[in-house]
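As a plain string of letters, each chain reads:
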Amino acid sequence: MKKTLTVMIILVTAFAVSASGVAEKADTEVVETKSTYTAQTVPEKFFWALGYYTNYSNQEQYLNMDARAFAEGAMAYAEGTVVSDEEFNRIVEDYRAYLTSYVEDLGSENLEAAEAFLAQNAKEEGVITTSSGLQYKVLQEGTGAVPTASDTVDVDYTLTLLDGSVVDSSIVRGTSSQFSLTQVIEGFSEGICLMKEGSSYRFWIHPSLGYGENGTSSIEPNSLLIFDVTLYSIVK
């Protein structure tokens with residue numbers, strides 16, 4: 001029993017730590033609910049919070065998880081409903097196939113949108129297209145040295161998607177970032193190697209030079225990437 005309680009305490013502590021920031025998101029994204037349930041005891045409140053956090057943390061991974069279906073599944077187990085291994089595995093495989101199809105369709109749509117945008121953007125004044133398909137525009141030209149693909153650089157940047165949403169920004173964080181150009185996406189590395197220290201450029205990066213058909217946890221597959229970058233220095 002002592003060992004079981006120790007493990008439970010560790011799990012509860014880990015849950016509390018990993019759930020930090022949930023309240024902040026809830027403040028800005030209030031979801032209307034019809035539930036009349038109110039947790040009363042300490043265990044009830046914990047498991048209510050566990051359900052809340054599970055839904056919160058899996059929105060991207062599971063495509064807006066169905067909270068009511070999730071709760072019904074938990075109740076079914078609590079009430080003694082038996083699901084065979086075969087049925088359980090079939091449900092999982094069906095969902096995996098559904099996700100695969102969804103991601104493929106989303107990637108195709110994003111690629112089409114990216115290429116249509118780039119074709120039009122290439123006609124804009126000041127936009128230069130390289131042989132790889134990278135597009136860039138000089139916002140401010142510097143006078144310093146030009147990095148090579150093996151250098152580490154100190155930069156400020158903002159990464160925006162085609163819909164205007166900001167994915168990442170060192171400026172918002174309030175501190176510049178240092179990157180080895182051997183460890184970043186191809187389009188970003190190529191773009192930085194066009195810049196002189198002190199320059200500010202805008203890059204439009206084709207999905208094939210970015211995160212491609214896999215995307216990331218915060219970037220959909222085949223997304224066009226738009227970077228505003230200021231190169232401060234080559235780190236020696």
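About the criteria used
Residues numbered from 1 in each chain as written. Predicted model: local features only at pLDDT ≥ 70, side-chain atom pairs only at ≥ 80, totals over all residues. Heavy atoms only, no water. Phe/Tyr/Trp six-rings, centres within 6.5 Å; stacked < 30°, edge-to-face > 60°. Salt bridge = Lys/Arg side-chain N within 4 Å of Asp/Glu carboxyl O. Buried < 20%, exposed > 50% of the residue type's maximum accessible area, 1.4 Å probe, protein only. Helix = DSSP H or I, 4+ residues; strand = E, 2+ residues; numbered from the N terminus. Patch = residues over 30% accessible without salt bridge, like charges linked within 9 Å, V, L, I, M, F, W, Y side chains within 5 Å. Areas by Shrake-Rupley, 256 points an atom, 1.4 Å probe, with all protein chains shown as cover. Lys, Arg positive; Asp, Glu negative; His and termini not counted. Charge placed at Lys NZ, Arg CZ, Asp CG, Glu CD. Core = buried A, V, L, I, M, F, W, Y, C linked by side-chain atoms within 4.5 Å. Contact = heavy atoms within 4.5 Å. Pairing = 2+ DSSP bridges.

Caption draft 1: Molecular detail of the packing of aromatic side chains. Summed over the entire model, instances satisfying the criterion amount to eleven aromatic pairs. Judged by centre distance (5.1 Å) and plane angle (75 degrees), the rings of Phe-46 and Phe-47 are edge-to-face. One aromatic cluster in this structure is built from Tyr-136, Tyr-157, Phe-179, Phe-188, Tyr-201, Phe-203 and Phe-227.

Caption draft 2: Spatial organisation of the pattern of salt bridges. Tallied over the full model, the rule gives four salt bridges. With a closest N to O distance of 2.4 Å, Arg-173 and Asp-168 form a salt bridge. The partly exposed category is assigned to Arg-173, whose relative accessible area is 45%. Among the residues examined, Asp-168 registers a relative accessible area of 26% and is labelled partly exposed. Asp-228 is paired through a salt bridge with Arg-202; the nearest N and O atoms lie 2.5 Å apart. A residue pair is termed long-range when its members are at least 10 positions apart, and Asp-228 in strand 7 (residues 225-235) and Arg-202 in strand 6 (residues 200-205) qualify at 26 residues. By relative accessible area, Asp-228 is classed as partly exposed at 27%.

Caption draft 3: Unusual backbone geometry, seen in detail. Even without glycine at this site, Asn-222 takes up a positive phi of about 55 degrees. Assignment of secondary structure puts Asn-222 in the loop between strand 6 and strand 7.

Caption draft 4: Geometry of a negative patch on the surface. On the surface, a cluster of negative charge is made up of Glu-104, Asp-105, Glu-109, Glu-112, Glu-115, Asp-163, Glu-213 and Glu-220. You can see Glu-213 is positioned in the loop between strand 6 and strand 7.

Caption draft 5: Representation of the nonpolar core. Core analysis: the largest hydrophobic core is formed by 21 residues, its most contacted members being Ile-192, Phe-203, Ile-205, Leu-225, Phe-227 and Val-229. Sorting the residues of this core by element identifies strand 3 (152-161), helix 7 (186-192), strand 6 and strand 7 as the ones contributing at least two each. In terms of residues, this core owes the most to one element, strand 3, which gives five residues. Apart from the residues within four sequence positions on either side, Ile-205 is in contact with Leu-134, Ile-185, Gly-187, Phe-188, Gly-210, Ser-223, Leu-224, Leu-225 and Phe-227.

Caption draft 6: Spotlight on the side chain of Thr-54. If you trace the backbone, Thr-54 turns up in helix 3 (residues 42-57). For Thr-54, a relative accessible area of 18% translates into the label buried. In contact with Thr-54, other than residues within four places in its own chain, are Met-65 and Phe-70.

Caption draft 7: Representation of the pairing of strand 6 in the model. Judged by how many residues are buried, strand 6 sits mostly within the fold: five of six residues are covered. Two strands pair when backbone bridges link them, and strand 2 (residues 135-140) and strand 6 are joined in this way by five bridges, in the antiparallel orientation. Residue pairing in the sheet places Tyr-136 in a bridge with Phe-203 of strand 6. Where strand 6 and strand 7 come together, six bridges link them in antiparallel fashion. Across the sheet, the residue bridging to Phe-203 is Phe-227, located in strand 7.

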